[in-house]
Amino acid sequence: MKLDAPVFATVPARRVLEAIRLAGGEARFVGGCVRDAIMRRKFTDYDLATTLKPEAVMAACEAAGCKVIPTGIKHGTVTVVADHQVFEVTTLRRDVTTDGRWAEVEYTDDWQQDAARRDFTMNALFCDMHGNVTDFFTGLEDIKNGIVRFVGVPELRLKEDVLRILRFFRFHAHYGHGAPDTAGLEACKALVSLLPTLSTERVRVELLKLLNAPDPLPTWRLMAEIGVFNALNLPLTNIARLEQVVAHEKTLGLSEPLRRLWASIEGEFADIGTRLRLSNTDAQRITALMHLPVVPADEKAQLRLAYKLSAQTVMDALIVSGGATRQNLEQLERWQRPQLPLNGADLVKLGMSQSPAMGEVLEKVEAWWIEQNFTPDHAACVAQAKRLLA
């Protein structure tokens, strides 16, 4: 196969590929960028496989005026920056030993051996800058048919890296059509008990990426059925609420993984932030989702509520309830939380001394200012404070 458009024949790509060629090596694009180019999807990550050893790649690219960073040189990968474009360049490898999380590899010059160690057939494709695609394992056919298929024997691929269980479902949610590959699904089901060996960070990343699919529901439901969430000790089986949230998001053209994660939580499980090691911001968002308010239909009232809680909380409440429109969501997205144009120094000028009473006056003025839809300016707020003091 040859790609219709030379998507990889950019000036930065030519610089890197030519530098490697002049050093006696060959480089081809590989993995996700090739898959997405074939599927006509946008991509930002450029991965290259090469016959050159990492040190030779660094020397060649530096000689060509590119910036080189030894990001994963121990595993054969260096980062090359050419004209502000980033390329991850990895020497062809084959696995020597694996333990379910990490692999010991050795370098090779055999493209098929390198393809054989990859997870899915659609990720084992190579492409040169002229658009010529090399396919050793039916990747092109599987992309066409929407089948996420392991390279070789599924059980072996999973035992090499247990994370591939979650990747199998994530890729099916994003790239699959219809039922998943039977052999792959059966292998995942047989080895689901190995999931607790994964780090929390890797689990979190995969789950959130999966939930960002246009419609993660069929895949999420299947994961619940074969015991993925039970094995991970995560109560993420509230399929009914997830279905409701996904349906509401679809009508708005949205796809928000954190909101969907909350929707899938069964019961009042407040420990999800700790269990998945979410950032403080994301954990607070989950907590707010667990206590969503009833949002009035009036847009000004929505902004008053957003001031007290947050614009994100009001948007979440509107979407979850099914009462959101593009108009009020856009208004909330644009809205900047105003600041009360009155402070303690203003009250001191009015004759007040520092005391709890000062805070009470500020709170009353703020409540009045909110009810006036944040329109009173500094002079009006000072006047209101005078009335309260009188």
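Everything quoted here is computed from the prediction, not taken from an experiment.

A. Here's a closer look at the sheet that holds strand β3 (residues 67-72). In space, the 7 strands of this open sheet follow the order β3-β4-β5-β2-β1-β8-β9, with mixed pairing throughout. Two strands close off the open sheet at either side, each with one partner strand: β3 and β9 (133-135). Across the sheet, the axes of successive neighbouring strands diverge by a mean angle of 35°, strand direction being ignored. Inspection of the sheet shows strand β1 (residues 27-30) paired to strand β8 (residues 125-127) by 2 bridges, in the antiparallel sense. When the bridges of β8 are listed, V30 appears paired with F126. Seen against the sheet, helix α1 (residues 11-22) touches β1, β2 (46-50), β4 (77-82) and β5 (85-91) and runs at an angle of roughly 30° to β5. Across the sheet, helix α3 (residues 54-63) is in contact with β2, β3, β4 and β5; its angle to β4 comes to roughly 10°.

B. View of the pattern of salt bridges. Throughout the structure, instances matching the rule amount to 22 salt bridges. As a salt-bridge pair, R157 and E160 come within 2.6 Å of each other at their nearest N and O atoms. With R157 and E160 both in helix α6 (residues 154-160) and 3 residues apart, this pair spans about one turn of that helix. When the shortest N-O distance is used, the salt bridge between R277 and E201 registers 2.9 Å. Taken together, the residues span a long stretch of sequence, with R277 in the loop between α14 (272-275) and α15 (280-289) and E201 in helix α9 (residues 200-211) at a distance of 76 residues. Connected through salt bridges with shared partners, the residues E249, E256, R259, R260, R285 and D316 form a single ionic network.

Procedures and definitions
Residues numbered from 1 in each chain as written. Predicted model: local features only at pLDDT ≥ 70, side-chain atom pairs only at ≥ 80, totals over all residues. Heavy atoms only, no water. Pairing = 2+ DSSP bridges. Helix = DSSP H or I, 4+ residues; strand = E, 2+ residues; numbered from the N terminus. Axes fitted to C-alpha atoms, helices over the stretch in contact; angles between N-to-C directions. Contact = heavy atoms within 4.5 Å. Salt bridge = Lys/Arg side-chain N within 4 Å of Asp/Glu carboxyl O.

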